[in-house]
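Coordinate inspection notes
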Amino acid sequence: MAAGSLSQAAEEKVASRSQSEVNRRLKYISLAVLVVQNASLILSIRYVRTLPGDRFFTTSAVVMAEVLKVLTCLLIVLLQKRFNLKETAFLLFDSIVVQYKDTLKLAVPSLIYTLQNNLQYIAISNLPAATFQVTYQLKILTTALFSVMMLRKSLSRVQWVSLLLLFGGVAIVQVQQEGKKEASVSDSSGQNYTVGLVAVVISCLSSGFAGVYFEKILKGSSASVWMRNVQLGIFGMALGMLGLWWNDGAAVAEHGFLFGYTGMVWCVIFNQAFGGLLVAVVVKYADNILKGFATSFSIIVSTVASIHLFGFHVDLLFTAGAGLVIGAVYMYSLPKAPGGSSSPSSSSLSSSASSASPRTDGGEEMEAFLPKCAGKQKGS
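Let me sum up the structure you'll find in this document. (Residues numbered from 1 in each chain as written. Predicted model: local features only at pLDDT ≥ 70, side-chain atom pairs only at ≥ 80, totals over all residues. Heavy atoms only, no water.)

With respect to the packing of aromatic side chains
If you walk through the whole model with that rule in mind, you get 11 aromatic pairs. Ring centres of Phe-270 and Phe-274 lie 5.4 Å apart, and the angle between their planes is 55 degrees; on these two criteria the pair is classed as tilted. Of this pair, Phe-270 and Phe-274 both sit in helix α12 (residues 263–282), four residues apart, roughly one helical turn. Here the aromatic residues Phe-56, Tyr-121, Tyr-261, Trp-266, Phe-270 and Phe-274 are joined through ring pairs into a cluster of three or more. (Phe/Tyr/Trp six-rings, centres within 6.5 Å; stacked < 30°, edge-to-face > 60°. Helix = DSSP H or I, 4+ residues; strand = E, 2+ residues; numbered from the N terminus.)

Thoughts on the environment of Ser-154
Here Ser-154 shows up in the loop between α7 (138–150) and α8 (157–179). Taking relative accessible area as the criterion, Ser-154 reaches 27% and is therefore assigned partly exposed. For Ser-154 and Ala-144, which are 10 residues apart along the polypeptide, the C-alpha to C-alpha distance reads 9.0 Å. (Buried < 20%, exposed > 50% of the residue type's maximum accessible area, 1.4 Å probe, protein only.)

Focus: the pattern of salt bridges
Taken as a whole and assessed by the stated rule, the structure comprises two salt bridges. Between Glu-66 and Lys-69 there is a salt bridge whose closest N-O contact spans 3.6 Å. Residue Glu-66 and its partner Lys-69 are located together in helix α2 (residues 58–80), separated by three residues, close to a single helical turn. A salt bridge links Lys-81 to Glu-87; the shortest N-O distance between them is 3.6 Å. Taking relative accessible area as the criterion, Lys-81 reaches 12% and is therefore assigned buried. (Salt bridge = Lys/Arg side-chain N within 4 Å of Asp/Glu carboxyl O.)

This is the structure in structure tokens:
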């Protein structure tokens, strides 16, 4: 009996050690995925928007990304219902039509996300990729402020200090870019630094508000995050089509919806559509510190890639500003001391990209809710 107990204990110890090793590897895989997704979206958008030749319509790219997101979320809902079409159809009808008041609540964040996605194209088309990546981290500041105002959350002293450093770092980068903005855009016709800067600032404000608003809706609802994204996507497609008609209607009618689409453009759209969903799933294996580190590292990757791909010049002032932003992002992600009140959830921090996230913009707005919603769905 004693020998059997020892053998069982040894087996459990080995299994536990094996599981720990798997989790450790998944953390590093998560880090790699987060870094690649954060950096690749900005760099690829910048690349396709600076190529010579026919320019694709950014409004059509936004609509196409929404279509792909909705189809993906519908497939996931169908999968969770074990491919029972009748049960899935009933769930969709009940969630979208019967509970129409609940659905209408998502019109506001959907409008903002659609605006944000279009603004990101405008910003990246007019700003160096590294400058955009650094400046776009202001979304952490706006998200934190909206979390304090709308969700009554509190921040630790370290987080307040990190937000001040973040603002200071972005300001330094903007001062540096202001001094040489003519040189930075003279090599590419049609670029306007001021337009890009205004677009990224509005995008940060919209990202912060929409992320917190979406978090508030999710926390007060039993609907799954995938169903929420279907509801958001319906509004997103409708609003995106309205924006396409308003801005590029005549040109699309003349040249076609997919005018200017190349393999690289499709890669950007797929990254924008699936990147946030992928990050939302993968990030379950990462902690908040790792996400902060991934965001910081992606800034470095974007800067290095911009030097080689776009001839971006890094000087001491940009290095200092970017260094402050990287340090601030990492500081903000540090856990509070035991007994401290909760900080804004990681769902509000948004990657890049996500910006591009399931809601891009996307996207990491849903991270914190995945474990909860999985449990709720089982009982639905």
